[in-house]
Structures are given as C-alpha cells and as structure tokens.
Amino acid sequence: MQNVRRYADIIASLEGLLWLSLAWSISLSVHIGSTEPTLASLLVIGALVFFSWAHKPLRYLLRRYHVRKRRTDMWMHTLALPLLLAMFFHIILEALLGSAWLPPKILLFNILASAGWTTYVMTLFIKFVIHGFKTSTF
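Chemist: What is the right way to look at the overall build of the protein in this model?
Modeler: What the protein contains, in helices and strands, is 5 helices and 0 strands. Starting at the N terminus and ending at the C terminus, the protein contains elements arranged as α-α-α-α-α. Going through the 138 residues of the protein one by one, you find that 27% of them count as buried. Long-range contacts, defined here as pairs at least 24 residues apart, represent 68% of the contacts in the protein between residues at least 6 apart. With an accessible surface of roughly 9,600 Å², the protein has 74% of that area assigned to carbon and sulfur atoms.

Chemist: Looking at this structure, I do not really get the pattern of salt bridges. What am I missing?
Modeler: Side chains carrying opposite charge are able to pair once their charged atoms draw close together. Per the stated rule, a full pass over the model turns up 2 salt bridges. Its salt-bridge partner being arginine 70, residue aspartate 9 comes within 2.4 Å of it at the nearest N-O pair. Of this pair, aspartate 9 sits in helix H1 (residues 2-32) while arginine 70 sits in helix H4 (residues 65-97); the two residues are 61 residues apart in sequence, bridging distant segments of the chain. With respect to class, aspartate 9 is no different from arginine 70; both count as buried.

Reading the values: the criteria
- Residues numbered from 1 in each chain as written.
- Predicted model: local features only at pLDDT ≥ 70, side-chain atom pairs only at ≥ 80, totals over all residues.
- Heavy atoms only, no water.
- Helix = DSSP H or I, 4+ residues; strand = E, 2+ residues; numbered from the N terminus.
- Buried < 20%, exposed > 50% of the residue type's maximum accessible area, 1.4 Å probe, protein only.
- Contact = heavy atoms within 4.5 Å.
- Areas by Shrake-Rupley, 256 points an atom, 1.4 Å probe, with all protein chains shown as cover.
- Salt bridge = Lys/Arg side-chain N within 4 Å of Asp/Glu carboxyl O.

Read these as layout, nothing more, since geometry by itself doesn't imply function.
Listed below in structure tokens is the structure:
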C-alpha cells in the first residue's frame, strides 16, 4: 500500500513539473518572441501523455484512487492558489504602483505556481521522512 502512495506522489510531482515547464515556456516564448519553447514543451507533454496511454501497466497505475487524490492535491498547490494569489497581488501592485511598472500576470503566476509546487514536493518529502522514522525499529 505504501508503494502505491509513493508512486502516486512521484507521478503527481512529475505532472506538476510538466505543467510548470509549460507555463514557464509560455513566459519565455512571450519574452523572446518565438513559439519554439512552448512547442517543445507541448511536444514533450504530448509524448508523455501518449506513452502513459499506450503503456498498459502505467495506465492501470494512473487509474488508481491514490493517484487521482494526489493529483488533486498537486493542482491545489500549483494552479488554484497561485491563480487567486496572482490576481490579488496584481490588483494590489496596480493600485499601488500604477500600470507603468508591472510584470506580466503570467510571470507572477509562474513564480507563485513554482513556489506552490516546491511546497508540495517538500511536504511530500517531509511526510516520507516522518513515515520512515515511524516504521523503522531501533
């Protein structure tokens, strides 16, 4: 049972990293004026989605309850909270500084989503260490 949870945590962490790479590639594409980083990121994500659909053992693993639960936790850290906070901080910055100096909204979201994903991964690591201490016998 513990291995299933560990696999679910790893899958959710990697999925969050993939979506972060897509968000950062969009920011990079806007900054340099080329769509190549975004297309490369979409190609990698598409290949991994196809592989997870075509590889039967991985498909069975991804259907399990724990993976769906862990993905929901990951989405809360990397999408829901950063979207709300980015909107709030952008409104506050615009009210205080005006619209002359404002970073793009997607950049603010990317920073907050990266912080959320890092928090998610560190939380999983701390849980893993605590569980390791509980199960070890001295």
